[in-house]
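Observations on the model geometry
Take a look at the letters that make up each chain.
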Amino acid sequence: MSKTPMTLPRRLGLFFELPTLCIIIVTMVALSWPLVVALRGCQGWSLVELWKPPAESEQSTSSESTLKEIEAEESLGSAENSEAGEDAESRAVGVLRMSPGLSPTVHPGPEPWSRTQTVTSPSVTRRTAGPLGKPTALIHIGPPKTGTSYIQRVLMASRDKLLGMNIVYYVPPVEGRQKPAHHFLAQPTRDQAAMTAFQDKLSEAVAKGQHVIVSSEALSLVSPKLISSLKSLFSKFNIKVVLTYRPFLGRTWSAYKQHLSTNNPRVIGVSFAEYYGKASRSGTDGAGLCGYAASNYIQGFGRDSVFILDFLGAQKDGDIVNMLLSAVDLPTFEEPLERVHVVPGLTSDQAVYFQMWHLFGKYMFEHHHCILEMPPRQMLAYKVDAMVKHHTMPKKCLDMEPMKKYALKMDANFRAAFGDRMLHFRPDLSDNETTHFEICELDHQIVRMDWNDSFEKHAEALLSNSCQKQEKR
């Protein structure tokens, strides 16, 4: 049976069908590529290593929770404290027992930093001069435990000096209270009067050609939708976003101690080893949080508009406030910076007292439906010491090797993803801190098993004057 000769129209049809098929395949690959990138993460981040963006309702809850904790910390007058600072304090006399009359320490930061001395990563592109000569809006987003309280207090105390440098740092009173940070921007509907006053100040700054600075660690957890609102709010400025990356292990330990001091439910009766395990799995601390914030703001403002300070490198190069200003080419302080009074973070020894208090509080609630009133921070060590002497509390030094291995991996992944945006880039300092990190804490397991009788002996006295009776939930 002879084959039917292929007609010209049929030949032309095949000629056009093959390229069409190729185009369809290429198009499908191109459309699927963003999904591949999203699953893989930003430049080397895996789904496990990068914090998965929560649903918008979860983001709102997380942001509100962070804001409440920040406000709780401000009410205590506490501030971030580097591990180096903690080590220095640990060598001081009487570290195990806080004096009732403990006065805030002066933390002026390192020596004043001259602009001409600033050391930065040569790979970072600065484009501060915006279109048509727009003034700069520096949006500092933290995240928490990266020196934010110190930065905000210095900026607030230096408002007149900043104004002389053509920079506005304005924080309107929120719900009748004056605070040093712009936390209200994370919840713009919370106080409409504050938002209106802030918008008026922005309009005034634009008219005068003044730069503006805003700072709030709560902004590191906001949703992409709110980031879009920030872009609109500062549309008449050349927007520059700055965040700080602190090594994963150091930041997680610092965050845990802050949770202890602010009576955060997530650490009541929870050891640091348990807390670290949860943080590692969820990515809600350290590299995961910073990666999430950096990715969201890069998506919202563009990669060239986001700058990341290396926490340890910036501190090594000078005062972190000047490092923040120089990151976006704003003028820095030539004179000694304003001296601000801050209460240091918990030392490792003080953390043991807080851990014991929380375990005792958990026992009182579970066995007597009693919620213990948290004593003033400077008195808590005395309260615990009156019940159990420090030397009798069981302690254990943690096996740090698995923690260090994971933390080093997280730090390396963050640098691989965002190293081109990092300033004062000193990975050697980060790795050195992590490899030499040691933590000894209360042995929660022994206390849970063997200390119920001891707790019960102190329960009767506390039930009469230190309890808020409440039905067990």
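Because the structure is a prediction, the values reported are computed rather than measured. (Residues numbered from 1 in each chain as written. Predicted model: local features only at pLDDT ≥ 70, side-chain atom pairs only at ≥ 80, totals over all residues. Heavy atoms only, no water.)

A word on the state of the cysteines
As a reminder of what qualifies: Cysteine sulfur atoms are paired as a disulfide whenever they fall within 2.5 Å. For the purposes of this entry, the term helix denotes a DSSP run of H or I that reaches at least four residues, the term strand denotes a run of E that reaches at least two, and both are numbered from the N terminus. Only protein chains enter the calculation, and the probe is 1.4 Å; a residue is then buried if its accessible area is under 20% of its type maximum, exposed if over 50%, and partly exposed in between.
This structure, assessed with the given rule, holds one disulfide. At a sulfur-sulfur separation of 1.9 Å, the disulfide partner of cysteine 397 is cysteine 440. When the S-S torsion is 90°, as for the bridge of cysteine 397 with cysteine 440, the disulfide is right-handed. On the criterion of sequence distance, the pair formed by cysteine 397 in strand β9 (residues 395–397) and cysteine 440 in strand β11 (residues 440–442) is long-range, its members being 43 residues apart. Judged by relative accessible area, which is 55%, cysteine 397 ranks as exposed. Given a relative accessible area of 35%, cysteine 440 falls into the partly exposed group.

Remarks on the environment of histidine 183
Test applied: Any pair of nitrogen or oxygen atoms within 3.5 Å is treated as a polar contact; in protein, a donor-acceptor pairing is required on top of that, and neighbouring residues in sequence qualify only through side-chain atoms on both sides.
Tracing the backbone through its elements, the reader meets histidine 183 in the loop between β3 (167–168) and α6 (192–208). Considering only alpha carbons, one finds histidine 183 and glutamate 217, 34 residues apart in sequence, at a separation of 7.5 Å. A polar side-chain atom of histidine 183 sits 2.8 Å from a polar atom in the side chain of serine 216.

Considering the packing of helix α8 (residues 248–261) against helix α13 (residues 348–368)
Cut-off, in case you're wondering: To obtain an axis, a line is fitted to C-alpha atoms, over the contacting stretch when the element is a helix, and the angle between two such axes runs from 0 to 180 degrees between their N-to-C directions. For classification purposes, angles smaller than 35 degrees are called roughly parallel, those larger than 145 roughly antiparallel, those between 65 and 115 roughly perpendicular, and all remaining angles oblique. For any helix crossing, the convention is left-handed if the near helix is rotated counterclockwise from the far helix by under a right angle, and right-handed if that rotation is clockwise. Residues are treated as being in contact if the distance between any of their heavy atoms lies within 4.5 Å. When residues are sorted by character, Ala, Val, Leu, Ile, Met, Phe, Trp, Tyr, Cys and Pro go into the nonpolar class, Asp, Glu, Lys and Arg into the charged class, and all the rest, Gly among them, into the polar class.
At a closest axis distance of 9 Å, the pairing of α8 and α13 adopts a crossing angle of 50°. Taken together, the axes of α8 and α13 are oblique relative to one another. The handedness of the crossing between α8 and α13 is left-handed. Within the contact between the two elements, α8 uses Trp253, Tyr256, Lys257, Leu260 and Ser261 and α13 uses Ser348, Ala351, Phe354, Gln355 and His358. Split into classes, the residues belonging to the contact of α8 with α13 amount to five nonpolar, four polar and one charged.

Some points on the nonpolar core
Keep this limit in mind: Among the buried residues, those of types Ala, Val, Leu, Ile, Met, Phe, Trp, Tyr and Cys that are joined through side-chain atoms within 4.5 Å form a nonpolar core.
Within the largest apolar cluster, 83 residues are counted, with the highest numbers of intra-cluster contacts made by Leu219, Phe234, Phe272, Tyr297, Met356 and Met364. If one sorts the elements of this core by residue count, α13 sits on top with ten residues. Among all residues touching leucine 219, those that are not within four sequence positions of it are Ile139, Ile141, Leu185, Ala186, Leu230 and Tyr297. Residues Tyr150, Met156, Leu312 and Leu330 belong to the second largest nonpolar core, which totals 32 residues.

Quick word on α6
Put simply, the rule is: To estimate how far a helix should extend, the number of its residues minus one is multiplied by 1.5 Å. The arc in question is formed by the directions pointing from the helix axis toward the C-beta atoms.
The end-to-end C-alpha distance of α6 is 24 Å, a good match for the 24 Å that 17 residues give at a rise of 1.5 Å each. Taken together, the buried positions of α6 are Ala194, Met195, Phe198, Leu202 and Ala205. When α6 is viewed along its axis, its buried side chains cluster within an angular range of 95° and face the same direction. In α6, the exposed positions that point more than 90 degrees away from the buried face belong to Ala193, Ala207 and Lys208.

Considering the pattern of salt bridges
To keep it simple, the criterion reads: By convention in these notes, a salt bridge is any Lys or Arg side-chain nitrogen within 4 Å of a carboxyl oxygen on Asp or Glu.
The full count for this structure, using the stated rule, is ten salt bridges. Ionic pairing is found between glutamate 438 and lysine 404, a salt bridge with its closest N-O pair at 3.1 Å. Here glutamate 438 is found in the loop between α16 (427–435) and β11, whereas its partner lysine 404 is found in helix α15 (residues 400–418), with 34 residues between them in sequence. Judged by its relative accessible area of 55%, glutamate 438 falls in the exposed class. Given a relative accessible area of 5%, lysine 404 falls into the buried group. Across the pair aspartate 431 and arginine 415 runs a salt bridge, and its minimum N-O distance is 3.4 Å.

Quick notes on the packing of aromatic side chains
Stated formally: In this scheme Phe, Tyr and Trp rings, the latter by its six-membered ring, pair at centre separations within 6.5 Å, and the angle between planes marks the pair as stacked below 30 degrees, edge-to-face above 60, and tilted otherwise. In this scheme, Lys NZ or Arg CZ marks a charge over a ring once it lies within 6 Å of the ring centre and within 35 degrees of the ring normal.
This model, assessed by the stated rule, comprises 18 aromatic pairs. Centroid distance phenylalanine 184 to phenylalanine 198: 5.5 Å. Interplanar angle 80°. Geometry classified as edge-to-face. Here phenylalanine 184 is found in the loop between β3 and α6, whereas its partner phenylalanine 198 is found in helix α6, with 14 residues between them in sequence. This pair shows no difference in class: phenylalanine 184 is buried, exactly as phenylalanine 198 is. Consider the rings of phenylalanine 248 and tyrosine 276, whose centres lie 5.6 Å apart with planes at 75°: the pair is edge-to-face. Of this pair, phenylalanine 248 sits in helix α8 while tyrosine 276 is found in helix α9 (residues 272–282), placing the two residues 28 residues apart along the sequence. By the burial criterion, phenylalanine 248 is buried, and tyrosine 276 matches it. An aromatic cluster of at least three residues, connected via ring pairs, comprises Phe248, Trp253, Tyr256, Phe272, Tyr275, Tyr276 and Tyr406. The ring of tyrosine 170 carries the charged tip of lysine 201 above its face, separated from the ring centre by 5.2 Å. Seen from the ring of phenylalanine 307, arginine 421 lies directly overhead, with NZ or CZ sitting 5.1 Å from the centre.

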